[in-house]
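Next come the chains, spelled out residue by residue.
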Amino acid sequence: MGRDCFVSGLVNSHAGNMSVRIGDRLLITRRGSMLGRLRPEDLIETGIDRDDSGIALASSEIMTHRAIYAHTAAQAILHTHPPHGVVLSLAQDEIIPIDSEGSYLLRRVPVVVAERTVGSQEMAEAITARLGESALCMLRGHGLFATGRLLEEAYQLSSVFEASARIIYLTKLAGITPIEFRRDSEKYGEW
Amino acid sequence: MTHGWTGSSVLCSLDDGAAERFDRPDLRRDFLGGRGYGVALMAEFGFPARRVMEPAQPFILSAGPLTGTTAPSSGRFAAVGLSPLTGTIFDGNAGGRFGVRLRQAGLDALVLLGCSPEWSVVVIDGRRGRAAPSDVRVVPLRGLWPEIDPLDPGLTSSRTVEGLRGRLGAGFSLVFPSVAGRRGAFLGSLRTDDRRSLGRGGLGAALSAKRVFAVAVAGDHGIDQADPGRFEFLVYEAEKQIAANPVTSRALPEFGTAVLMQIVHQAGALPALNYRTAAWDGVDAICGEAVRDQMTRGRQGCFGCHIRCTRRVETGEGPEYETLWAFGAACGVNDLETIQEANRRCAEFGLDTISLGATIACAMELGEAGVLGRALRFGDGVRLLELVLEAAEGRGFGAELADGPARFAARYGHPELAMHVKGLELPAYDPRGMHGQGLAYATSNRGACHLRGNMLGPELLGIPKMVDRFADRGKSGILVTLQHQAAVFDSACLCKFAGFAFGDELLSRMLGAATGESISERDTQAIGERIWNLERLWNVAAGFSARDDTLPGRILDEPHSQGPSADRAIDLPAMLDEYYRARGWAADGVPVAAKVRMLGLEGQAALLRSRSMDRDVDSSGAGQGWRKEVAAAAADRPAAGRVPEGPQGEGRHLRAV
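Rules used in this analysis
- Counting restarts for each chain: residues are numbered from 1 in the order of the written sequence.
- All chains are assigned letters beginning at A, and all ligands numbers beginning at 1, according to the order in which they are written.
- For this predicted model, a pLDDT threshold of at least 70 governs which residues receive local features, and a threshold of 80 or more governs which side-chain atom pairs are given and counted, while totals over whole chains, interfaces and linings are taken from all residues.
- Strands here are runs of E lasting at least two residues and helices are runs of H or I lasting at least four, both read from the DSSP assignment and numbered beginning at the N terminus.
- Atoms counted for the radius of gyration: C-alpha only. Globule rule: 2.2 Å times the number of residues to the power 0.38.
- Once C-beta atoms have been placed from the backbone, residue pairs whose C-beta atoms lie within 7 Å are recorded as contacts.
- Each residue gets one label: Ala, Val, Leu, Ile, Met, Phe, Trp, Tyr, Cys and Pro are nonpolar, Asp, Glu, Lys and Arg are charged, and the others, such as Gly, are polar.
- These domain limits were set by an automatic method or by a database of domain assignments.
- One fewer than the residue count of a helix, multiplied by 1.5 Å, yields its expected span.
- Exposed residues have 12 or fewer other C-beta atoms within 10 Å of their own C-beta, buried residues have 20 or more, and residues in between are partly exposed; the C-beta atoms are placed from the backbone.
- Two strands are counted as paired when DSSP detects at least two bridges linking them.
- Orientation is described by axes fitted as lines to C-alpha atoms, over the contacting stretch for helices, and by angles from 0 to 180 degrees between their N-to-C directions.
- Any angle from 65 to 115 degrees is called roughly perpendicular, while one under 35 is roughly parallel, one over 145 is roughly antiparallel, and all others are oblique.
- Handedness of each helix crossing follows the sense of rotation of the near helix against the far helix: counterclockwise by less than a right angle gives left-handed, clockwise gives right-handed.
- When buried Ala, Val, Leu, Ile, Met, Phe, Trp, Tyr and Cys residues are joined through C-beta atoms within 7 Å, the set is termed a nonpolar core.

Q: How do you make sense of the overall build of chain A when you look at a structure like this?
A: Each helix and strand counted, chain A has 6 helices and 8 strands in total. Start at the N end of chain A and walk to the C end: the helices and strands fall as α-β-β-β-α-β-α-β-α-β-α-β-β-α. For a compact globule of 191 residues, the expected C-alpha radius of gyration is about 16 Å, and chain A comes in at 16 Å, within 12% of that figure. Here the C-alpha coordinates of chain A stretch approximately 55 × 30 × 30 Å along the principal axes. Long-range pairs, those at least 24 residues apart, make up 63% of the contacts in chain A between residues at least 6 apart in sequence.

Printed below as a string of structure tokens:
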């Protein structure tokens with residue numbers, strides 16, 4: 001899955017991270033690991049809410065992962081840097097897909113803001129505050145946090161999100177005014 | 001103003017017929033409705049360490065915030081009580097109109113306490129213009145229907161409905177113990193007037209112990225939502241999800257649940273011949289395609305259901321997947337007509353098809369081993385039908401089967417051949433081919449059950465995503481999530497099949513629009529977790545412990561020798577260790593104080609702890625009924641082969657369980 005994230009352009013060489021919850025432990029990718037070339041030693045096990053020596057090797061975003069597990073029903077988290085999603089997050093407070101698949105699966109993705117966008121408490125709080133209303137949350141100018149019951153579910157949602165963001169981006173670039181095909185689509189803003 | 005709930009429930013004393021109205025908004029908020037509200041009320045009124053059939057034990061019928069709304073597959077209600085089969089806290093739920101009527105009568109729940117001096121019908125007339133706001137009466141059966149004997153085996157489900165409808169008049173919906181339940185069979189189900197069964201756990205026997213012949217309810221009040229416009233939008237979105245999912249839009253409508261037969265078999269997870277093998281060659285004759293092509297005349301659904309998975313066949317409702325398995329693969333019978341006739345008899349007499357099929361399969365294995373002293377072999381469909389009838393009517397050798405395989409196999413000195421967890425028979429998914437399902441069976445609060453948190457989705461159907469079905473690690477998280485989701489669906493009163501198309505996220509939004517409360521996905525998971533933990537606390541107070549979280553020795557020690565699941569042993573101890581940690585429980589499987597506090601269950605935990613001191617005279621804990629009988633049978637081998645002496649007929653269900 002890490003390789004898929006890299007190949008599909010969701011992350012660059014050493015960006016992004018992922019974790020799964022296993023009981024009161026979590027498995028998270030190693031700080032500085034390459035998602036496209038993950039090896040067994042790149043998976044670090046540590047406490048879901050308590051440090052042990054594994055913390056020295058864990059991803060720099062572990063604080064956000066822990067906060068998400070503490071405040072949501074997530075069993076897996078994937079953090080990526082989807083380019084079109086990042087572009088839209090610079091100009092919008094929410095991203096509402098206009099395509100069919102995105103509408104079915106996402107409906108609306110909130111965008112949050114943090115001054116310190118890597119490994120900060122501020123960022124963790126901003127993201128967890130909005131993940132109650134969506135399985136995904138976009139951090140402005142940084143990237144996407146996606147949750148799921150399984151890691152593959154989080155990956156699917158991330159992939160759909162970037163495809164939807166790209167469609168919005170291309171539609172704007174082409175100057176197209178979309179003809180609405182969805183009933184009650186205006187209500188996705190209140191989702 | 002209360003939305004989503006009526007804000008009114010009734011506590012009815014069957015001893016004297018007194019009825020009192022009450023409301024517990026705190027429990028509605030924390031436990032939602034249906035199963036959850038019922039479990040919370042059980043903890044308020046029940047006694048975990050006393051006999052399950054004691055009059056003091058409550059029996060609860062409850063609806064949920066979505067019952068009777070336009071939400072897909074939402075016309076459901078729950079029955080919550082204690083199971084004579086397992087000794088655990090137990091609930092069942094069904095579709096049909098009863099739950100809708102209960103809400104239309106202005107009630108969220110009915111709590112029955114005590115025991116009626118004679119067989120009676122609890123009549124709730126909540127129609128406008130009647131005694132306001134809802135008239136609850138305990139009506140003696142002899143006044144209502146004097147010419148019948150409630151224990152007459154001929155008083156089948158359809159005769160019961162016909163008779164009561166004629167005497168109560170139009171507009172009433174019914175829940176009633178089946179005749180097998182009235183006669184005290186631990187496999188005796190509850191039935192509704194629209195042919196739904198609350199099959200498992202012997203809830204029919206539990207309600208019969210209160211001498212309740214039926215509960216009848218009529219009502220015509222509206223069922224409102226706090227935000228009707230948003231609710232309808234969300235229902236529309238839910239319908240889109242159901243239409244877009246081939247399981248809910250194609251497979252279940254076209255084949256019914258029988259669509260699973262080939263899928264499960266091809267994975268090497270269809271247990272056959274009392275779980276001896278997963279390589280049985282009769283599948284093609286009883287699979288979904290066979291049911292569709294040879295039997296199905298049409299399909300039907302419960303009230304408000306868009307999926308409509310029930311098969312209509314010439315003799316009534318067709319067999320579901322579990323029934324096809326129980327009387328088919330489990331017993332080695334590959335004849336659809338025989339299976340359907342067994343199914344029809346179970347519906348009319350009110351016996352749980354999974355439990356009875358599993359018990360007959362156990363008997364067939366014992367018969368082939370020469371233990372029974374009588375001829376009984378796998379594949380003998382003629383004898384199978386005779387046994388179903390004997391079990392239903394409580395006569396002959398079949399009468400020994402009506403209390404499930406745990407007691408039956410123990411009587412014959414082979415408890416290891418009973419495929420059960422906590423006294424409840426394993427259903428139609430072999431854990432050796434679906435390791436996560438094994439963990440689900442082992443940890444289920446009501447015994448081996450696929451409806452408490454079904455790993456069928458992630459292990460075979462790819463819902464939400466496919467996982468390695470043989471993996472022993474990393475499944476506790478998804479299982480816990482699914483157990484909570486099942487508890488919430490049972491409490492909102494939504495059919496779990498809708499859960500194949502959408503999950504907690506959409507459900508929480510519908511609940512919010514219906515009730516006007518702010519309910520997030522996290523909140524629904526917390527409600528599910530609260531329900532699960534309270535059920536667990538009840539069972540602990542009743543004497544259950546981590547040693548009951550296990551699987552039959554055959555599953556753990558006898559891997560299949562052939563087929564897709566060959567040589568795949570389950571590491572259950574490792575799975576349980578991870579599971580307990582995922583739940584925040586101690587290593588002995590008991591919720592720790594911090595977890596109890598986090599879920600706001602301190603009051604219930606203290607009450608259950610104090611009541612666990614309130615024991616029966618034999619002081620060994622009510623929750624251990626089946627284990628006590630199994631131990632007694634093992635210690636008393638000369639008695640093997642005989643039905644235990646005891647009161648027959650009406651008093652039979654007052655045995656020490």
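That shown, we press on.
Q: It is not clear to me how the environment of Ala165 of chain A should be interpreted in this structure. Could you clarify?
A: All names here are of chain A. Residue placement: Ala165 occurs in helix H6 (residues 151-174). C-alpha of Ala165 to C-alpha of Gly85: the two residues are 80 residues apart in sequence and 5.2 Å apart in space. If near-sequence neighbours (up to four positions away) are discounted, Ala165 is found in contact with Pro82, His84, Gly85, Leu88 and Ile95.

Q: Explanation requested: the interface of chain A and chain B in the structure shown.
A: For interface size, the figure often reported is the accessible area lost on association. Listed by partner, the interface residues are 19 residues for chain A and 23 residues for chain B. Of all the elements in the fold, those that place two or more residues in the side of chain A that touches chain B are strand E1 (17-22) and H6 of chain A. The dominant element in the side of chain A that touches chain B, judged by the number of residues it contributes, is E1 of chain A, at 3 residues. Here the side of chain A that touches chain B is composed, by residue class, of 6 nonpolar, 5 polar and 8 charged.

Q: Explain the domain arrangement of chain B to me, please; I cannot follow it from the model alone.
A: All names here are of chain B. Taken domain by domain, chain B holds domain 1 (9-219), domain 2 (255-410) and domain 3 (435-611). A C-alpha centroid distance of 27 Å is found between domain 1 and domain 3. Between domain 1 and domain 3, the residue contacts involve 40 residues of the former and 34 residues of the latter. If you list the elements that add at least two residues to the side of domain 1 that touches domain 3, you get helix H1 (25-31), helix H2 (34-45), strand E4 (77-82) and strand E5 (89-94). With 8 residues, the single largest contributor to the side of domain 1 that touches domain 3 is H2. Of the residues in the side of domain 1 that touches domain 3, the class split is 19 nonpolar, 16 polar and 5 charged.

Q: Would you take a moment to explain helix H24 (residues 572-583) of chain B for this structure?
A: Helical geometry note: an α-helix holds 3.6 residues per turn, so side chains three or four residues apart project in the same direction. With 12 residues, H24 of chain B should reach 16 Å at 1.5 Å per residue; the first-to-last C-alpha distance of 16 Å fits that figure. Inspection of H24 of chain B places Leu572, Met575, Glu578, Tyr579, Tyr580, Ala582 and Arg583 of chain B among the buried residues, and these make up the whole buried set. Looking at the buried side of H24 of chain B, the elements it contacts are E1 of chain A together with helix H18 (435-443), helix H20 (476-492) and helix H23 (553-557) of chain B. Just downstream of H24 of chain B lies Gly584 of chain B, where phi reads positive at about 75°.

Q: Teacher, can you tell me more about the sheet that holds E1 of chain A here?
A: Two strands in a sheet stick together by hydrogen bonds in their backbones, pointing the same way (parallel) or opposite ways (antiparallel). All names here are of chain A. Pairing in this open sheet of 8 strands is mixed, and the strands run E3-E2-E1-E4-E8-E7-E6-E5 from one edge to the other. Of all the strands in the sheet, just strand E3 (43-47) and strand E5 (94-95) have a single pairing partner and so form its edges. Docked against the sheet, helix H2 (residues 62-71) engages E1, strand E2 (25-29), strand E4 (76-80) and strand E8 (143-148), running at close to 140° with respect to E2.

Q: What should I look at first to understand the packing of H20 of chain B against helix H21 (residues 504-515) of chain B in this one?
A: A pair of packed helices is characterised by two quantities: the angle between their axes and the separation of those axes. Residue and element names in this part refer to chain B. Where H20 meets H21, the axes come as close as 11 Å, and the angle between the chain directions of the two elements is 30°. As judged from the angle between their axes, H20 and H21 are roughly parallel. Pair H20 / H21 crosses with left-handed handedness. Of the residues in H21, those in contact with Gln485, Val488 and Ala492 of H20 are Asp504, Leu507 and Leu511. The residue inventory of the contact of H20 with H21, partitioned by class, reads 4 nonpolar, 1 polar and 1 charged.

Q: Looking at this model, I keep getting lost on the environment of Leu10 of chain A. Mind explaining?
A: Residue and element names in this part refer to chain A. By the element assignment, Leu10 lies in the loop between helix H1 (2-7) and E1. C-alpha of Leu10 to C-alpha of Gly143: the two residues are 133 residues apart in sequence and 9.3 Å apart in space. For Leu10, the contacting residues outside a window of four places in its chain are Cys5, Gly16, Thr80, His81, Pro82, Ser158 and Glu162.

Q: Can you walk me through the sheet that holds strand E2 (residues 19-22) of chain B in this structure?
A: Residues and elements named next belong to chain B. Spatial strand order, E2-E1-E6-E3-E4-E5: 6 strands in an open sheet with mixed pairing. The outermost strands of the open sheet, each flanked by one partner alone, are E2 and E5. Across the sheet, the mean angle separating the axes of adjacent strands is 15° when strand polarity is ignored. For strand E3 (residues 59-63) and strand E6 (residues 109-113), the ladder comprises 4 bridges, and the chain directions are antiparallel. Across the sheet, Leu61 pairs through a bridge with Leu110, a residue of E6.

Q: Where do I start with unusual backbone geometry in this structure?
A: Glycine aside, residues mostly have negative phi angles, and peptide bonds mostly take the trans form. All names here are of chain B. With an omega of 0°, the peptide bond running from Ile463 to Pro464 counts as cis. In this structure, Pro464 sits in the loop between helix H19 (456-461) and H20. Even without a glycine there, the phi angle at Lys422 is positive, about 55°. If you trace the backbone, Lys422 turns up in the loop between strand E16 (420-421) and strand E17 (424-425). Positive phi values are uncommon outside glycine, yet Cys493 reaches one of about 75°. Mapped onto the elements of the fold, Cys493 is located in the loop between H20 and H21.

Q: Is there a simple way to think about the nonpolar core in this case?
A: Grouped burial of nonpolar side chains is what soluble globular proteins tend to show. If you look at the biggest cluster of nonpolar residues, it comprises 244 residues, and the most contacted ones within it are Ile127 of chain A together with Cys12, Leu110, Ala214, Cys362 and Met510 of chain B. Counting residues in each nonpolar core, the second largest holds 5 residues, with Cys5, Phe6, Leu10 and Leu35 of chain A among its members.

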